[in-house]
Amino acid sequence: NFKYSYEILILSIFFLPQSLANTITLYTLARSLTFINSQLKLFFYEILSLEFTNKNNKKIIYNHNILIILSLTISIFFSLIFYFFGKNIYEIWTLNKFNFDLNILLLFLISINLRLIWVDKSFLISIFNKLQNFSYINFLMVILFILITFLLVKNFGILGFGISLISYEIALSKSEIVSVI
């Protein structure tokens, strides 16, 4: 994932190795929500594709809404687990070699949850084969946010990184609407 790679590259410019590893492991923990979501989407992709082939728009919308509700419920559930038990999970996972920062994890969880919402909302773009417009917009957004992330991390450190992630997800959710038109 190009976006993830540039994020790590920018962080590596400004943070010492220990801080970088700490931040990346917290981010990876939060990003584990996307794996769960991707498995759910695989299941619904087949259902929605079949309904698209059958030109059953009511069922497409119904099943898409089910996907969004299930995804949001699962995402919130695991976010709460990470909120209450994240320190324990993190310490076991990292063998107590890194410092746990709940505030940073919360920024990452907010970012990931926003991403999952727009990914699920924009899922119909792939079903209706409107990916070309979305790809152009996404590419431009990534390029723009490389610069924004660099400036925010340079000036605000890890907080700037979190703000950049959240801003990107909000901006992309708005651009997703434009790409369908």
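Before any of the text, the structure's been laid out above.
This structure is a prediction, so every number in the text was calculated from the model and none was measured.

Points about the packing of helix α2 (residues 17-53) against helix α3 (residues 57-94)
Any two packed helices are characterised by how steeply their axes cross, that is the angle between the axes, and by the distance between the axes.
So, point 1. The geometry of α2 relative to α3 is characterised by a closest axis approach of 9 Å and an angle of 160 degrees between their N-to-C directions. Here α2 is positioned roughly antiparallel relative to α3, judged by the angle of their axes. Note that α2 runs across α3; the crossing there is right-handed.
So, point 2. Counted by class, the contact of α2 with α3 contains 19 nonpolar, 12 polar and three charged residues.

Describing the packing of α3 against helix α4 (residues 102-121)
So, point 1. Orientation of α3 relative to α4, taken along the N-to-C sense of each, is 175 degrees, at an axis distance of 10 Å. What the angle tells us is that α3 and α4 run roughly antiparallel. On α4, the residues touching His64, Leu67, Ile68, Ser71, Leu72, Ser75, Ile76, Ser79, Phe82 and Tyr83 of α3 are Leu102, Leu105, Leu106, Leu109, Asn113, Leu116, Ile117, Asp120 and Lys121.
So, point 2. In terms of residue class, the contact of α3 with α4 is made up of 12 nonpolar, five polar and two charged.

Rules used throughout
- Residues numbered from 1 in each chain as written.
- Predicted model: local features only at pLDDT ≥ 70, side-chain atom pairs only at ≥ 80, totals over all residues.
- Heavy atoms only, no water.
- Axes fitted to C-alpha atoms, helices over the stretch in contact; angles between N-to-C directions.
- Helix = DSSP H or I, 4+ residues; strand = E, 2+ residues; numbered from the N terminus.
- Parallel < 35°, antiparallel > 145°, perpendicular 65-115°, else oblique.
- Left-handed = near helix turned anticlockwise from the far one by under 90°.
- Nonpolar A, V, L, I, M, F, W, Y, C, P; charged D, E, K, R; others polar.
- Contact = heavy atoms within 4.5 Å.

Everything listed here is a matter of geometry and, on its own, says nothing about what the molecule does.
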